[in-house]
Amino acid sequence: MIFISLLLTSLVLTCAEDNSQGYCIANEQSCATQLEEEEEKFIFYDVNPPEGFNLRRDVYMRFAIMMSEARKQGRRKNWNLVLPPWYNLYHWKTADVSNEPLPWSMFFDVESLKAFAPVVELHELFSKTKRKHFQIDRLYVLQNFPNAFENGVFDDKWEINTHCDYTASFWGYKNVTVKEIVCVKFQGMISKLWEVVMQSSHKYVMFAHGEIPLHDNYGSKSFWECRKSMKFSKKLIETAKKYISENLHCEGDICSTYISVHWRRQDFARARKRDVPSIKGTSTQIDKAIKKHNSDIVDVFIASDAQYSELIQLENQLKNLGYRVHFYSPTENDLQELRDGGIAIVDQIICTHAAYFIGTHESTFTFRIQEDREILGFESSTTFNRLCPDTGRCEKPSKWTIVQ
Ligand SMILES: Nc1nc2c(ncn2[C@@H]2O[C@H](COP(=O)(O)OP(=O)(O)O)[C@@H](O)[C@H]2O)c(=O)[nH]1
Ligand SMILES: [Mg+2]
């Protein structure tokens, strides 16, 4: 573990040096023109290590929209976004599939991502530069301001900080290093990050804690355009569609033959007891929802991170109520090929196509399913449903409906 603390003096020197190397005010036209004529440049980012796959997908969207919006305005045309490899994710527990950094093409249709924003996989950059050792010029470690509502208001702002603790790690690549680390307190919209980027004329700039900047406009038209471009890889779509066809008897995109449930357990069952039901409460709620939506449905698909013993209990209870219960159980071969990340996506795709979906409150895994259902054109009432706790308040889920 490398802990880096930076001294104010070195930062002052760095900034002074940058001023002489082409520092300019980000919004000035002369500045934009001057820089855009330059060589290609790259923004790297990373996310707080414990964050899961589906929050990371949202962080990607913030950066991708930032790149795409700048280009739409005819600016920053020489800047590209490097897709951070998927590495060492906290929830990916299958021990025997090797823990190597995975490219985005394992999970997504990268050509579709590229049609929305100027993105490149890290391995593409390695082969472009033909270097054995890759050095990032400057890494900004983003931090929250200690008090987000100073003087009672939430302002968009950033400020260089004197120090921060940061464990330098580059997706397991030992041949990636960084020349200089700068700590930055940041809050507000991601487009403001351009001001930080334009602090220097470096070619390779990275942000750690990319989850700190927020969407400029959550749920906007650009948001949905970006979201639509996040198509899954062909392999994952084919695997899910084959499962649906063979087990749930549906060939199209909008199925009427089954309902799906995202039953988030693990940390949610431990730490969010007030938001999630017991096993018994889960089966009762599923039964009620089916009777209300379409009592002819007998097939229930469950996506879950629950332990095997919990799944069996839920399955038995639903069977006793007369339902056929389905789980996607990958073979050893599937697991080797798709990895934990791909298996979770297959679960998501199967949930997406169901006649009716019930999710888990405040799970980003659930949110991503709801978005895909919006994109496919499901009636919102079949999508924005949640499992409630056995007792107490059950807040209605927020409806993030599509904007065309
Ligand atoms: N296969 C599978 N994995 C799941 C399911 N629910 C959660 N997980 C795993 O747990 C992780 C949860 O983290 P995240 O994606 O951040 O979603 P959130 O924590 O529910 O907001 C997922 O990325 C999956 O790896 C599920 O229904 N099926
Ligand atoms: Mg999470």
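Only a predicted model underlies this, so the values are computations on that prediction, with no experimental measurement involved.

> Is there a simple way to think about the site of ligand 1 in this case?
Taken together, the neighbourhood of ligand 1 is formed by 16 residues, with Asn54, Arg264, Asp347, Ser363 and Thr364 sitting nearest. For ligand 1, an oxygen atom lies 2.8 Å from a polar atom in the side chain of asparagine 54. For ligand 1, an oxygen atom lies 2.8 Å from a polar atom in the backbone of serine 304. Isolated, ligand 1 exposes 560 Å² of accessible area, and the fraction of that covered by the protein chains is 89%.

> Looking at this model, I keep getting lost on the state of the cysteines. Mind explaining?
A covalent bond bridging the sulfur atoms of two cysteines is what the word disulfide describes. The full count for this structure, using the stated rule, is three disulfides. A sulfur-sulfur separation of 2.0 Å characterises the disulfide bridge that pairs cysteine 164 with cysteine 183. Disulfide cysteine 164 to cysteine 183: torsion about the S-S bond roughly -70°, handedness left-handed. Of this pair, cysteine 164 sits in the loop between strand 5 (157-161) and strand 6 (176-187) while cysteine 183 is found in strand 6, placing the two residues 19 residues apart along the sequence. Take cysteine 164: its relative accessible area is 3%, and that puts it in the buried class. Put simply, cysteine 250 and cysteine 255 are joined by a disulfide, and their sulfur atoms are 2.1 Å apart. One quick way to see it: the torsion about the S-S bond of cysteine 250 and cysteine 255 is about -85°, and its sign makes the bridge left-handed.

> Got a minute to help me understand the packing of aromatic side chains in this structure?
How two aromatic rings sit relative to each other is given by the distance of their centres and the angle of their planes. In the structure shown here, the tally under the stated rule is 26 aromatic pairs. A centroid spacing of 5.5 Å and a plane angle of 35° characterise the contact between tryptophan 104 and phenylalanine 108, whose relative ring orientation is tilted. Here tryptophan 104 and phenylalanine 108 have matching classes, each one buried. Ring geometry for tyrosine 243 against tyrosine 328: centres 5.7 Å apart, planes inclined by 85°, an arrangement best described as edge-to-face. In this pair, tyrosine 243 sits in helix 8 (residues 234-248) while tyrosine 328 sits in the loop between strand 10 (324-326) and helix 12 (332-352), placing the two residues 85 residues apart along the sequence. In this structure an aromatic cluster arises from ring pairing among Phe53, Tyr60, Trp86, Trp92, Trp104, Phe107, Phe108 and Phe232.

> Quick question: what am I supposed to make of the sheet that holds strand 3 (residues 119-121) here?
The strands making up a sheet associate through backbone hydrogen bonding, with each pair oriented either parallel or antiparallel. Here seven strands make up an open sheet; going across it, the order is 3-2-1-7-4-6-5 and the pairing mixed. Bordering the open sheet on either side are strand 3 and strand 5, each of which pairs with just one other strand. Recorded for the sheet is a direction-independent mean angle of 35° between the axes of neighbouring strands. As defined by bridge partners, strand 4 (residues 134-143) adjoins strand 6 across nine bridges and the pair is classed as parallel. The residue bridging valine 141 from the neighbouring strand is cysteine 183, located in strand 6. Across the face of the sheet, helix 3 (residues 53-72) comes into contact with strand 1 (41-45), strand 2 (79-83), strand 3 and strand 7 (204-208) while running at roughly 165° to strand 2. Packing against the sheet, helix 5 (residues 122-129) makes contact with strand 1, strand 2, strand 3, strand 4, strand 6 and strand 7, and its axis sits at approximately 80° to strand 3.

Cut-offs applied
- Residues numbered from 1 in each chain as written.
- Chains lettered and ligands numbered in written order.
- Predicted model: local features only at pLDDT ≥ 70, side-chain atom pairs only at ≥ 80, totals over all residues.
- Heavy atoms only, no water.
- Near = heavy atom within 4 Å.
- Polar contact = N/O pair within 3.5 Å; in protein donor to acceptor, adjacent residues only side chain to side chain.
- Areas by Shrake-Rupley, 256 points an atom, 1.4 Å probe, with all protein chains shown as cover.
- Disulfide = S-S within 2.5 Å.
- Helix = DSSP H or I, 4+ residues; strand = E, 2+ residues; numbered from the N terminus.
- Buried < 20%, exposed > 50% of the residue type's maximum accessible area, 1.4 Å probe, protein only.
- Phe/Tyr/Trp six-rings, centres within 6.5 Å; stacked < 30°, edge-to-face > 60°.
- Pairing = 2+ DSSP bridges.
- Axes fitted to C-alpha atoms, helices over the stretch in contact; angles between N-to-C directions.
- Contact = heavy atoms within 4.5 Å.

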